[in-house]
Amino acid sequence: MPALVSKQNPFPVAIITDFGYRDHYVGAMKGVIASIAPGANVIDISHGVTAQCTVAGAIALRESWRYFPRRTVFLAVVDPGVGTARAPIAIQTRAGARFVGPDNGLLWLAATQAGIKRVVKLTSPRHRLTHVSATFHGRDIFAPAAAYLWRGTPISALGPALPASIVALELPRPTESARELRGEVVYVDGFGNLVSNIDRRTAEQFGSRFRHKSL
Amino acid sequence: MPALVSKQNPFPVAIITDFGYRDHYVGAMKGVIASIAPGANVIDISHGVTAQCTVAGAIALRESWRYFPRRTVFLAVVDPGVGTARAPIAIQTRAGARFVGPDNGLLWLAATQAGIKRVVKLTSPRHRLTHVSATFHGRDIFAPAAAYLWRGTPISALGPALPASIVALELPRPTESARELRGEVVYVDGFGNLVSNIDRRTAEQFGSRFRHKSL
Amino acid sequence: MPALVSKQNPFPVAIITDFGYRDHYVGAMKGVIASIAPGANVIDISHGVTAQCTVAGAIALRESWRYFPRRTVFLAVVDPGVGTARAPIAIQTRAGARFVGPDNGLLWLAATQAGIKRVVKLTSPRHRLTHVSATFHGRDIFAPAAAYLWRGTPISALGPALPASIVALELPRPTESARELRGEVVYVDGFGNLVSNIDRRTAEQFGSRFRHKSL
């Protein structure tokens, strides 16, 4: 693939949520983004993530983020703990991608692939809506933060730095014995395809031992 | 929140319908908008409004319109009476927002919040598709009207003025006695949250009477 | 409808798939398009086409393509045979529209209406992702091809010319006797409306014979 066309802000805001398609929630978030960052190209990854399932959201983000332009701002909201102590955060990664969302494991898989460089807690009153509700941080905190990042606001302006150790996602790990590699299905997609927790490299390494033996 | 970035047409066309996500209907509407207003930023609020339920559509519009840029053109189509006598209208509001859709109550809640300033009936042949079907005014009448408003066509060019008294939505009202405030659930969202017809102010005013008594 | 506003690339990339709304697949495709063609206006026709149903996809495309700007690039992926011998193609039509997708009948109805002018097989390594998976040509082959067409890459650069006879869609045809025109329902939309294989012209011609007789 040859070099990409360059232009001002050649990266989008990409959104993934579990808000579904019946209600106005996604619309309200996009309204906020359009108000703060009128020229932003907003792309839906999905709003059909299984409700409150951070695992499904984290996997979808892990599988898609690398196909987006380098400096894309990812706005991810699957937030069963909205209104509790979990921190609202933004992440700058070494790969260039920025991630905005709750620190509940949702961002973990993608952000660690991209290389976490800096994490801030979204507390700046100037970079959220004036009235922050108890139940809709997607609209009141996360969407404004993503829009300001898109506009060029430095991530450090959004709030104080946090340790780079964000909340990890507790995915089951495959177990391996001499003769058996045992995984678990962690996701079923809309076509019925099963996604397990055994990645390609693990499967190939395990398989290669048997080929060696039989030769 | 600081002042917003200004640029040419820094407002979107925001769409809400009950067309669902299986068919090409939303796509056809967006094709019409892209043909008439190629640079328009088109935002989906939702296309999953309960089929033919003007109440659900009106509530979604009421809950989201204020989060959009000031001069946003809202294109709303939940239209069980398509092809009957109900008027196709466009509304200019004092808040700046414009609303386009059928005059069947769908626009009532949002437009009265925004302050109805001018209403026109969409009859101009130059501002609709050449062939108007009996069943798809969203594509043939409403989408063109929204696209022309976005381009700067004055609302008065779209058709003759109507009285500002558009069709009201008949929502049940809460009843109040000395000891009881009685409402009704008017909407259930995708998470299972219940939305009643008792707004925050009514609940607080009712509750404050009891606090006074007990003090 | 008066002449449309002209500007650089005043046409969108319009996407229709059966990928659904739960997963990240549509998001990954859009990420690829945003990477190759950052300024492209991407419009969703639908991603809710019945899974693997080329007939439903072909009908949706036939019903919507003519409402889009003249040079729109249509990216259509309903691809039960992904990874088999079916060819990935791009079509230039006399009407101006371009179609990208699998040669499995999906593009047939719309492309023949628009007038097939040139067909190429998408084989150019420079115009697809570096790693092409066995199961996701939408992301790896079709999305890049659509994005390059949008950017102005000539269709001939995408691969070798094929005969203009693309794979036809085998829709049942209505049968006609002296007293009976017999069709079949080929599609049921989200509202429950039935779409038959009898088009308006056929119905009117058949009906007009009876009016003549009874006069």
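Treat the numbers as computed from the prediction; the structure is a model and nothing was measured.

> Give me the sheet that holds strand E6 (residues 116-121) of chain B: which residues, what numbers.
Residue and element names in this part refer to chain B. Strand order in the open sheet made by the 7 strands is E2-E1-E3-E5-E4-E6-E7, with mixed pairing throughout. Of all strands in the sheet, those bounded by a partner on one side alone are strand E2 (42-46) and strand E7 (161-162). Alignment of strand E1 (residues 13-17) against strand E3 (residues 73-77), held across 5 bridges, turns out to be parallel. Its bridge partner lying in E3, Thr17 is registered against Val77. Those strands touched by helix H1 (residues 25-36) are E1, E2 and E3, and its axis lies near 155 degrees from that of E1.

> Mind laying out the interface of chain C and chain B, listing which residues take part and the relevant values?
Taken together, the contacts link 29 residues of chain C with 26 residues of chain B. Both faces combined, the contact of chain C with chain B buries some 2400 Å², and carbon together with sulfur accounts for 57% of it. On inspection of chain C and its partner chain B, the count reaches 10 residue pairs in polar contact (both at pLDDT 80 or more). Every element with two or more residues in the side of chain C that touches chain B is listed here: strand E2 (42-46), helix H2 (54-64) and strand E10 (185-188) of chain C. It is E2(C) that provides the largest number of residues to the side of chain C that touches chain B, a total of 4 residues. Partitioning the side of chain C that touches chain B into residue classes produces 18 nonpolar, 7 polar and 4 charged.

> Account for the pairing of strand E1 (residues 13-17) of chain A, naming residues and giving values.
Side chains on a regular strand alternate between the two faces of the sheet. Residue and element names in this part refer to chain A. Of all 5 residues in E1, 5 are buried; the element is thus mostly enclosed. Where E1 and strand E2 (residues 42-46) come together, 4 bridges link them in parallel fashion. Looking at the pairing, Val13 lines up with Val42 of E2. As for the winding sense of the linkage, the β-α-β connection from E1 through helix H1 (residues 25-36) to E2 is right-handed.

> How would you sum up a nonpolar patch on the surface? Please name residues and give values.
Nonpolar side chains collect at one region of the surface, where A:Val185, A:Val188 and A:Leu194 lie side by side and expose about 260 Å² of accessible area between them. As for its position among the elements, A:Val185 is in strand E10 (residues 185-188).

> Summarise the sheet that holds strand E6 (residues 116-121) of chain A; cite the residues concerned and give the values.
Residues and elements named next belong to chain A. Ordered in space as E2-E1-E3-E5-E4-E6-E7, the 7 strands form an open sheet in which the pairing is mixed. Of all strands in the sheet, those bounded by a partner on one side alone are E2 and strand E7 (161-162). Here H1 sits on the sheet and contacts E1, E2 and strand E3 (73-77); the angle it forms with E1, its principal contact strand, is near 155 degrees.

> How would you sum up the packing of aromatic side chains? Please name residues and give values.
How two aromatic rings sit relative to each other is set out by the distance from centre to centre and by the angle between their planes. With the rule as written, the count across this model stands at 27 aromatic pairs over all chains. Taken together, a centroid distance of 6.3 Å and an interplanar angle of 70 degrees make the contact between A:Phe19 and A:Tyr25 edge-to-face. Both residues of the pair, A:Phe19 and A:Tyr25, count as buried. Ring geometry for B:Phe74 and B:Phe99: centres 5.1 Å apart, planes at 15 degrees, overall stacked. Of this pair, B:Phe74 sits in strand E3 while B:Phe99 sits in strand E5 (residues 98-102), and the two are 25 residues apart along the sequence. Sitting over the face of the ring of A:Phe11, A:Arg98 holds its NZ or CZ atom 5.2 Å from the ring centroid.

> An account of the pattern of salt bridges is needed here, citing residue identities and associated values.
Under the defined criterion, the tally for this structure stands at 21 salt bridges over all chains. The closest approach of N and O atoms between B:Arg182 and B:Glu180, which form a salt bridge, is 3.3 Å. For B:Arg182, a relative accessible area of 53% corresponds to the exposed category. In this structure, the salt-bridge partner of C:Arg62 is C:Glu63, at a minimum N-O distance of 3.0 Å. What makes C:Glu63 partly exposed here is its relative accessible area of 32%.

> I'd like a rundown of the relation of the copies chain A and chain B, residues and numbers included.
When chain A is fitted to chain B, the residual RMSD is 0.0 Å, and the transformation amounts to a turn of 120 degrees plus an axial shift of 0.0 Å. Those values place the two copies in the arrangement expected of a three-fold rotation axis. A distinct binding surface is used by each copy, with only 4% of the interface residues of chain A retained as interface residues in chain B.

> How would you summarise the packing of H1(A) against helix H4 (residues 137-151) of chain A if you had to cite specific residues and measurements?
All names here are of chain A. Two elements in contact, H1 and H4, have axes separated by 9 Å at closest approach and are oriented at 35 degrees. In this structure, H1 crosses over H4, and the sense of that crossing is right-handed. Contacts between H1 and H4 involve Ala28, Met29, Val32, Ile33 and Ile36 on the former and, on the latter, Gly138, Arg139, Ala143, Pro144, Ala147, Tyr148 and Arg151. Taken together, the residues of the contact of H1 with H4 break down into 9 nonpolar, 1 polar and 2 charged.

Rules used throughout
- Residues numbered from 1 in each chain as written.
- Chains lettered and ligands numbered in written order.
- Predicted model: local features only at pLDDT ≥ 70, side-chain atom pairs only at ≥ 80, totals over all residues.
- Heavy atoms only, no water.
- Pairing = 2+ DSSP bridges.
- Helix = DSSP H or I, 4+ residues; strand = E, 2+ residues; numbered from the N terminus.
- Contact = heavy atoms within 4.5 Å.
- Axes fitted to C-alpha atoms, helices over the stretch in contact; angles between N-to-C directions.
- Buried area = accessible area lost by both parts, 1.4 Å probe.
- Polar contact = N/O pair within 3.5 Å; in protein donor to acceptor, adjacent residues only side chain to side chain.
- Nonpolar A, V, L, I, M, F, W, Y, C, P; charged D, E, K, R; others polar.
- Buried < 20%, exposed > 50% of the residue type's maximum accessible area, 1.4 Å probe, protein only.
- Right-handed = clockwise from strand over helix to strand, strands pointing away.
- Patch = residues over 30% accessible without salt bridge, like charges linked within 9 Å, V, L, I, M, F, W, Y side chains within 5 Å.
- Areas by Shrake-Rupley, 256 points an atom, 1.4 Å probe, with all protein chains shown as cover.
- Salt bridge = Lys/Arg side-chain N within 4 Å of Asp/Glu carboxyl O.
- Phe/Tyr/Trp six-rings, centres within 6.5 Å; stacked < 30°, edge-to-face > 60°.
- Lys NZ or Arg CZ within 6 Å of the ring centre and 35° of its normal.
- Least-squares fit on C-alpha atoms with pLDDT ≥ 70 in both.
- Left-handed = near helix turned anticlockwise from the far one by under 90°.

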